[in-house]
Amino acid sequence: MTPETAAPAKPPLRERKKLRTRQALIDTALELFGEHGFDGVTLDRLCEAVEVSKRTFFRTFGSKEDVAMAPTQDLWVVFLEVLESCPPDGRRLVSLYEDALVESIGRMPAGGWAERVLASRKLAARTPSMSAHGLAFCDRVGREAVAVAVRRFTLDATADGAARLRARLALDMLLSAFHQALAAWVEQPSGHTREDLVRRLRTVCAELPGALAATVEARG
């Protein structure tokens with residue numbers, strides 16, 4: 001087997017154990033929160049179910065909201081990684097963002113990720129603290145993504161302020177499109193797969209140019 005075709009090396013045993021514990025916390029949290037409600041499950045109860053200490057929990061997650069929203073938060077962490085390597089090939093920035101997000105969805109685990117996203121979003125719909133936490137997380141990711149775009153691309157702007165504004169506006173369009181696609185994906189009766197989420201995202205993003213160019217006339 002040549003170096004080019006060799007399988008990637010496994011992470012060290014310690015790292016694999018940490019990843020297994022993290023996944024167990026996510027799966028158990030979503031199951032318990034789904035059955036008893038977010039506020040109906042204490043952190044002590046969650047840690048007892050997974051057989052880990054609270055110290056271990058806080059080495060992995062910052063809060064109950066973090067563990068409940070991990071499936072989508074993991075997606076945006078990967079999005080930032082993908083954005084660091086996207087080639088500056090003349091695409092519109094919003095299209096580059098869209099392609100980076102599609103690639104990020106494709107990098108999510110094939111087994112179980114979509115189901116965990118579905119459970120997390122249904123839980124968030126009835127948990128105000130998760131919605132507030134999600135807005136704060138989205139703001140942090142947005143600022144980081146804009147910083148990457150401004151550092152890596154010219155964005156046809158002569159001033160840093162203009163470049164930053166364009167990067168933010170393009171990202172806000174993508175975020176809006178993703179939220180619309182995700183909401184429709186959650187509401188559909190079946191077919192909750194990564195591929196169908198991508199399909200919905202592509203469909204919504206295809207409407208962005210029309211939304212920007214739309215003019216208004218009186219009906220009738």
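Since the structure is predicted, the reported quantities are computational estimates derived from the model, not experimental observations. (Residues numbered from 1 in each chain as written. Predicted model: local features only at pLDDT ≥ 70, side-chain atom pairs only at ≥ 80, totals over all residues. Heavy atoms only, no water.)

Enquirer: I'd like a rundown of helix H10 (residues 194–205), residues and numbers included.
Expert: Relative to the 16 Å expected for 12 residues at 1.5 Å per residue, H10 spans 16 Å between its end C-alpha atoms, a close match to the ideal helical length. Every buried residue belonging to H10 is among Arg194, Asp196, Leu197, Val198, Leu201 and Cys205, and all of these are buried. Packed against the buried residues of H10 are helix H6 (93–107), helix H7 (113–125), helix H9 (160–187) and helix H11 (208–213). (Helix = DSSP H or I, 4+ residues; strand = E, 2+ residues; numbered from the N terminus. Expected span 1.5 Å × (residues − 1). Buried < 20%, exposed > 50% of the residue type's maximum accessible area, 1.4 Å probe, protein only. Contact = heavy atoms within 4.5 Å.)

Enquirer: Please provide a residue-by-residue account of the side chain of Gln188, values included.
Expert: With respect to the secondary-structure elements, Gln188 resides in the loop between H9 and H10. Given a relative accessible area of 9%, Gln188 falls into the buried group. With near-sequence residues (within four places) excluded, Gln188 lies in contact with Asp196 and Arg200.

Enquirer: I'd like to hear about the nonpolar core, residue by residue, with values.
Expert: Within the largest apolar cluster, 47 residues are counted, with the highest numbers of intra-cluster contacts made by Trp76, Phe79, Tyr97 and Leu101. Residue assignment for this core shows that the elements contributing at least two residues are helix H5 (70–83), H6, H7, helix H8 (128–152), H9 and H10. Looking at this core element by element, the count peaks at 12 residues for H9. With near-sequence residues (within four places) excluded, Leu101 lies in contact with Leu75, Trp76, Phe79, Leu174, Phe178 and Leu201. If you look at the next biggest cluster of nonpolar residues, it comprises 22 residues, including Ile26, Phe38, Ala68 and Leu123. (Core = buried A, V, L, I, M, F, W, Y, C linked by side-chain atoms within 4.5 Å.)

Enquirer: I'd like a description of the environment of Ser129, backed by residues and values.
Expert: One can find Ser129 in helix H8. Spatially, the C-alpha atoms of Ser129 and Cys86 are 34 Å apart, while their sequence positions differ by 43 residues. Among residues more than four places away in sequence, those in contact with Ser129 are Phe38 and Glu65.

Enquirer: Outline the packing of helix H1 (residues 13–36) against H5, supporting the account with residue identities and numerical values.
Expert: Packed helices, taken two at a time, are described by the angle their axes make and the gap between the axes. Between H1 and H5, whose axes approach to 11 Å, the crossing angle comes to 135°. Taken together, H1 and H5 sit at an angle that is classed as oblique. On the side of H1, the interface is formed by Arg22, Ile26 and Leu30, while H5 contributes Ala70, Pro71 and Asp74. Its residues assigned to classes, the contact of H1 with H5 shows 4 nonpolar, no polar and 2 charged. (Axes fitted to C-alpha atoms, helices over the stretch in contact; angles between N-to-C directions. Parallel < 35°, antiparallel > 145°, perpendicular 65-115°, else oblique. Nonpolar A, V, L, I, M, F, W, Y, C, P; charged D, E, K, R; others polar.)

Enquirer: Please provide a residue-by-residue account of the confidence of the model for the chain, values included.
Expert: Taken over all residues, the pLDDT of the chain has a mean of 92, while the share at 70 or more is 96%. pLDDT under 50 marks residues 1–5. Its contacts with residues more than four places away, or in other chains, come to 2 contacts. (pLDDT = per-residue confidence, 0-100.)

Enquirer: Kindly report on the layout of surface pockets, identifying the contributing residues and their values.
Expert: There is about 440 Å³ of room inside the largest pocket. Lining the largest pocket are 19 residues; nearest its centre among them are Met69, Arg121, Gly134, Leu135 and His179. Of the residues assigned to the lining of the largest pocket, the class counts are 13 nonpolar, 5 polar and 1 charged. In this structure, the second largest pocket spans a volume of roughly 370 Å³. In terms of lining, the second largest pocket is formed by 15 residues, of which the most central are Arg91, Arg92, Leu93, Leu155 and Asp156. At the level of secondary structure, the elements contributing two or more residues to the lining of the second largest pocket comprise H6 and H9. Its residues assigned to classes, the lining of the second largest pocket comprises 8 nonpolar, 2 polar and 5 charged. (1 Å grid on protein atoms, 1.4 Å probe; cavity = no way out; pocket = protein on both sides within 12 Å on 5 of 7 lines; lining within 4 Å. Points joined across faces, edges and corners; volume = space filled by probe spheres on them.)

Enquirer: Tell me about H7, and name the residues and values.
Expert: Under the 1.5 Å per step criterion, the end-to-end length of H7 is 18 Å for 13 residues, consistent within 8% with the ideal 18 Å. Residues of H7 that are buried: Trp113, Ala114, Arg116, Val117, Leu118, Ser120, Leu123 and Ala124.

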